[in-house]
Amino acid sequence: FLINNQGLESGKMKMCNIRTGLDKACLKEAIIDHLFYKQGCEPEGASINDVYLAVSYALRDRLLHHGLKTFDAVLEDEDIRLVSYLSAEFLMGPQLGANLIDLNIFDEMRQAVTELGFDFKLVLEQEEEPGLGNGGLGRLASCYMDSLASLEIPAIGYGIRYEFGIFDQEIKDGWQVEITDKWLRYGNPWEIARPESSVNVYFGGYTEQYSNEIGKVLRRWVPSYVVKGIPYDTSEMGYKVASCNFLRLWKSEAIESFDFSSFNHGDYYKAVMDKIESENISKILYPNDELYVGKQLRLKQQYFFSSCSLQDMMRMHLENQGKPQDFHKKWAIQLNDTHPAISVAELMRILLDECKLDWKTAWETTQQTFSYTNHTLLPEALEKWPLDLFKALLPRLLEIIYEINYRFLEEVKRRFPEDNNILSRLSLIEETGSSYVRMANLACVGSYAINGVASLHTELLKKNILNDWVSMYPDKFYNITNGITPRRFVVLSNPGLSKLITKNIGDTWPQYLNELKKLEPFAYDANFKEQFRQVKIENKRILSSVIKDRIGIVVNPSSMFDVQVKRIHEYKRQHLNVLHILTLYLRIKSNPDIEIQPRTFIFWGKAAPGYFMAKLLIKLINSVGNLVNNDFDVRDRIKVVFFPDFNVKNAQLIYPAADLSEQISTSGKEASGTGNMKFALNGALTIGTLDGANIEIREEVGYENFFLFGLTASQVIEVKQNNYDPRFIYENNMELNAVIKFINSGILSNGDRNLFKPITDNLLYGDPYLLLADYPLYISCQDIVAETWKDKDKWNTMAVLNVARMGKFSSDRSINDYCENIWKVKPFKLKIE
Ligand code: OAK
């Protein structure tokens, strides 16, 4: 089949391939065909959803050709090692636009749809995105899938096909309300179910000893129930290349639609309950971001998708005449945090119990298969499963973990005969009163490589939570700084900027993001800067009109858009931003004619449903908005907007429209951040602490093009060790004092002086995230921001330099790092004749 962009040559009749043709005429035919045969309607009677589905099916046909060819070739070739990215979350975002960009037929499709009489923008908006992730970790997984495909690295992403993804957020009376995310309700045209590749996953029961044919004593698992995993595949096309990977997500089902034995015995209820219990496993994504909640269902989810995925990989490997002990030569498995870490024990189970390898061989194979990425420095995010729960659910796995632990601790003893404490710290089992299985330890012992996601993060991991592992395995550690895909986060979401860049430096920058360096001279070119400014203002107008339509607040597109979008979390310090807003507000109140640079403060983000403080913070932001936006004295100079429902679709609107990016976490808490990269790449300037990838962004864009404030990670530790007293700061800083008192004055809360006390008390008595320590530095830095904003020419120069110097943060660079240093895999260039 053909992969080209040739339109019909005028005057010549050319048959078009309705499944693969990429020109406008073929696309039109394909859409009409799908409208008729899939949706059962003629174009005249089609709803916008019919059109969206028909367009998507037409596109899926084209992707499938690439995908099937790729995997036919790579599975058979014994020299090719594939990457398997195991992740409990993939925050994919809308598929249609991204796939059109990858296939390089965005304009052709737009014309085809328009000529058929439909509104292309509405068609794009029709898509309900799969929100199968919470935030950073899940979105990173999807950026990496995009880069793997674009770099032609054969790969499969494995995860869970949650029926309900991350909740939709509504705001009622200033409070967050969670609504079930029914993303599948109108069908998902991108996936293909493959029931013939289903696998069984076992749970419960007990283990026992038995003798095999030659009298060897072995152990086996006698489980008490079984669940079926059905794979659903979504193509993951590379940008302007022929090869195509896929994402394989597992849905859980009961093994029989009815338990007939219970049914025949009259236990109808139990029969139906078993079915429901099995299907519950892939029902819902846990909405907690960096907060571990030890729920049994969550452990079931983790084991379910790990086991399904490993069985699937092993099946493909054996079908292609691979030997079990060579599994690692075919598959490099990346563990996206500890959620799939149970895979280490599961691969051992498969190699020992099913493939009948001896322990030593099985362990060598396992240890050469896995690598592990850590994504957090928060102790409360570290997963450890209560031993009893683990044993009841996965008795054979626990037995294997005990054996791994026994052998490992023997090795530790040999290495550190003098040090008794190191044994208990490195043990896979925690025994502090209650006993737990430590998932990070399992991941560390079972992997040949361990990495953090930004330089500072890796350093802190090595210094603190994984320090003993460094003593044990110094060569296992790597840093791989995160990245983002420029295809989705510039080409698709910021067409104005993309065109401007392409016009000046050519069109290869989305593949080779370092080429943006060629923009540097334009930072001093008045003509270019004027066009750059126009692109930004147009993006701000678009966002302003969306804000007006959705929440009814009118904002001024020429004010500075000061944006903080990310999960709501105390360590991310949305409340520090609020303290600044109230500082400005009180300055205005005490002198209404004071000069204030007009600013629109935009917040966007979800709070975990059980996280009280985060939810109260949302209420605080909305209360401040209510006050400030309607205060006569403010005269629209500052506006505060809390935009509900942060997801990828909305994110694509916001990054291109931001002037100032708030990256203000307490130093040493944010592992990397990736929103910081999306903003800077779209020409926003950053106000930020020396935390996560901010440090590297600042190094790249230049210190003079970054607004830095705050304590460093080591100062944070020092301050805490030296009896930090937030009240002292409160009592000695007049502006801060007034702001805190104002929050509790009742003015923000209909006279209720207690509503926000949990927030202010937390700041005054403890302040674990050091907001008050950083407050004076933050406020002076914000004053510098405002001063700089006055000089628009200077601001634009800084913004252009930010764009020009962000090449390092392409996820292609991150994936190349993984390929070269960790996975040792090479591209496979699919040729399509
Ligand atoms: C979520 C659950 C458990 C552990 C970590 C996370 C998570 O989302 N971490 C985030 O990962 C991103 C991708 O590496 C980082 O950019 C964020 O800093 C980190 O908070």
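Residues numbered from 1 in each chain as written. Predicted model: local features only at pLDDT ≥ 70, side-chain atom pairs only at ≥ 80, totals over all residues.

Under the annotation held in an unreviewed UniProt entry, the chain carries the name Alpha-1,4 glucan phosphorylase and is attributed to Plebeiibacterium sediminum. UniProt annotates the chain under Sequence similarities (unreviewed entry) with the comment "Belongs to the glycogen phosphorylase family." According to UniProt, the comment filed for the chain under the heading Cofactor (unreviewed entry) is "pyridoxal 5'-phosphate". (UniProt positions renumbered as here; feature names shortened; annotations may be inferred.)

J.: So what's going on with the sheet that holds strand β17 (residues 434–438)? Which residues, and what values?
T.: Spatial ordering of the open sheet is given by β15-β17-β16, a layout of three strands whose pairing is antiparallel. Pairing within the sheet leaves two strands with one partner each, and these edge strands are β15 (384–386) and β16 (429–432). Ignoring which end each strand starts from, the neighbouring axes of this sheet average 30 degrees apart. The pairing of β15 with β17 spans three bridges and is classified as antiparallel. Across the sheet, W385 pairs through a bridge with V437, a residue of β17. (Pairing = 2+ DSSP bridges. Helix = DSSP H or I, 4+ residues; strand = E, 2+ residues; numbered from the N terminus. Axes fitted to C-alpha atoms, helices over the stretch in contact; angles between N-to-C directions.)

J.: Give me the lowdown on the site of the ligand, citing residues and values where you can.
T.: In the region of the ligand, 18 residues are neighbours, and G136, L137, H375, A671 and S672 sit closest. Split by residue class, the shell around the ligand holds five nonpolar, nine polar and four charged. For the shell around the ligand, the domains that each give at least three residues are domain 2 (78–94 + 129–480) and domain 3 (559–792). (Near = placed C-beta within 6 Å. Nonpolar A, V, L, I, M, F, W, Y, C, P; charged D, E, K, R; others polar. Domains from an automatic or database assignment.)

J.: Describe helix α29 (residues 734–743), and please don't skip the residues or the numbers.
T.: Those residues of α29 not exposed but buried are L736, V739, I740 and I743. Angularly, the buried residues of α29 cover 95 degrees about the axis, an arc narrow enough to put them on a single face. Residues of α29 that are exposed and point more than 90 degrees away from the buried face comprise M734 and K741. In this fold, the buried residues of α29 make contact with α22 (574–590), α28 (726–732), α30 (757–764) and α31 (771–790). (Buried ≥ 20, exposed ≤ 12 C-beta atoms within 10 Å, placed from the backbone. Arc of directions from axis to C-beta. Contact = placed C-beta atoms within 7 Å.)

J.: How would you explain the environment of E163 if you had to name every residue and give the values?
T.: Summarising the element assignment, E163 is placed in the loop between β4 (155–160) and β5 (168–172). Taking the C-alpha atoms as reference points, E163 and I568, 405 residues apart in sequence, are found 24 Å from one another. Setting aside chain neighbours within four positions, we find E163 in contact with L184, S282, K283 and I284.

J.: I'd like to hear about the sheet that holds strand β23 (residues 660–663), residue by residue, with values.
T.: Strand order across the open sheet formed by six strands is β22-β21-β20-β23-β24-β25, with parallel pairing between neighbours. Only two strands of the sheet have a single neighbouring strand rather than two, namely β22 (638–643) and β25 (707–708). Pairing analysis gives six bridges linking strand β20 (residues 560–565) to strand β21 (residues 599–604), with the strands arranged parallel. Bridge assignment links V565 to a residue of β21, and that residue is W604.

J.: How would you explain the nonpolar core if you had to name every residue and give the values?
T.: In terms of nonpolar packing, the biggest core is built from 226 residues, with V55 and I581 touching the most fellow members. Beyond its immediate sequence surroundings of up to four residues, I581 is in contact with F601, V624, V628, I638 and V640. (Core = buried A, V, L, I, M, F, W, Y, C linked by C-beta atoms within 7 Å.)

J.: Could you give an account of the packing of α22 against helix α23 (residues 612–629), with specific residues and numbers?
T.: In a packed pair of helices, the relevant descriptors are the angle between the two axes and the axis-to-axis distance. At a minimum axis separation of 10 Å, α22 and α23 run at an interaxial angle of 20 degrees. Considered as vectors, α22 and α23 are oriented roughly parallel to each other. For α22 against α23, the interelement crossing comes out left-handed. Residue-level contacts link Q574, H575, V578, I581, L582 and Y585 of α22 to L617, L620, I621, V624 and V628 of α23. Residues of the contact of α22 with α23, tallied by class, amount to nine nonpolar, two polar and no charged. (Parallel < 35°, antiparallel > 145°, perpendicular 65-115°, else oblique. Left-handed = near helix turned anticlockwise from the far one by under 90°.)

J.: I'd like a description of the UniProt feature "modified residue: N6-(pyridoxal phosphate)lysine" (unreviewed entry) in the chain, backed by residues and values.
T.: As annotated in UniProt, the feature "modified residue: N6-(pyridoxal phosphate)lysine" (unreviewed entry) corresponds to K678 in the numbering used here. Within the fold, K678 resides in helix α25 (residues 675–681). The exposure class of K678 is buried, given the 30 C-beta atoms found within 10 Å. Beyond its immediate sequence surroundings of up to four residues, K678 is in contact with I484, F489 and Y655.

J.: With reference to specific residues and values, describe the environment of V227.
T.: Turning to its location among the elements, V227 is positioned in strand β11 (residues 225–237). Take V227: there are 25 C-beta atoms within 10 Å of it, and that puts it in the buried class. Sequence spacing of V227 and S749 is 522 residues, and the spatial spacing of their C-alpha atoms is 50 Å. Those residues in contact with V227, other than ones at most four positions away along the chain, are V201, F203, S252, I255, S278, I281 and F304.

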